Amino acid sequence: RRGGSGDVLSVSWHCVRKREISELDPGRMSLARQPRFFLIGSWDAYRSRRELLRTPGDSEELSAEVEVPGGEEESTFQILLNGSWSAVLHPPTSTQAHASWEGGAVAGPSGDALAAEMWRIRRSEVGGGSEAALPALVKIRLRLRQVDGWPEAVSWSHLGSARPGA
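Rules and cut-offs
- Residues numbered from 1 in each chain as written.
- Predicted model: local features only at pLDDT ≥ 70, side-chain atom pairs only at ≥ 80, totals over all residues.
- Heavy atoms only, no water.
- Buried < 20%, exposed > 50% of the residue type's maximum accessible area, 1.4 Å probe, protein only.
- Helix = DSSP H or I, 4+ residues; strand = E, 2+ residues; numbered from the N terminus.
- Pairing = 2+ DSSP bridges.
- Polar contact = N/O pair within 3.5 Å; in protein donor to acceptor, adjacent residues only side chain to side chain.
- Core = buried A, V, L, I, M, F, W, Y, C linked by side-chain atoms within 4.5 Å.
- Contact = heavy atoms within 4.5 Å.

1. Topic: the pairing of strand 9 (residues 119-122)
As a general feature of sheets, a regular strand has side chains that alternate between the two faces. Residue alternation in strand 9 divides its side chains into a buried set, W119 and I121, and an unburied set, R120 and R122. Across four bridges, the pairing between strand 5 (residues 74-81) and strand 9 is antiparallel. Across the sheet, the residue bridging to E74 is R122, located in strand 9.

Rendered as structure tokens:
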């Protein structure tokens, strides 16, 4: 291939050594095989993915913090397996979508995010059960509980105002 200055560029390689996969760091290999989970939600019109990360001190839980609008009646979310819109984790039914405050079951992955159910964080939940005026943004911690590395339940908790003094 010709470079910008008219020079010919090339790449070549040769085998230095062969290693069996079993010789590689087993910890690194097991991490590479673990699925990753990403939140998508109404708080930003489902535009961004936020990765759920291992909760310190709990090998079976992944979590992420998000800011939800305090003035909305509800915020909704789903979880993408490996960040893919064609592998959506969601509540099993619309009735169970509201039960997740205490820990709702997980269904999926489903191939269609738009057709799948969504978890719903109600305004009364983020206000600690109060319908009083809430700050513009409320911080929520969403948790994904795993059993043998696979999603088992979703829950969340209210962490307070997302902005000091709000």
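2. Side note on the side chain of D44
By secondary structure assignment, the location of D44 is in the loop between strand 1 (37-41) and strand 2 (50-51). Here S48 takes part through its side chain, which lies 2.3 Å from a polar atom of the side chain of D44.

3. A short note on the nonpolar core
Among the nonpolar cores identified, the biggest contains 21 residues, and L39, F77, I79 and L142 are the most heavily contacted of them. At the level of secondary structure, the elements contributing two or more residues to this core comprise strand 1, strand 4 (61-69), strand 5, strand 9, strand 10 (137-147) and strand 11 (150-161). Setting aside residues no more than four positions away along its own chain, I79 makes contact with F37, F38, L39, L52, A87, V88, L89, W119, L144 and V154.

4. A look at unusual backbone geometry
Outside of glycine, negative phi angles account for most residues, and trans bonds account for most peptide bonds. The omega torsion across G108 and P109 is 10°, close enough to zero to call that bond cis. Residue placement: P109 occurs in strand 8 (residues 107-110). Its identity as a non-glycine residue notwithstanding, A45 has a phi of 60°, on the positive side. Among the structural elements, A45 can be located in the loop between strand 1 and strand 2. Phi is positive for D148, close to 55°, though the residue is something other than glycine. Tracing the backbone shows D148 in the loop between strand 10 and strand 11.

Keep in mind that these numbers describe shape and distance, not what the molecule does.
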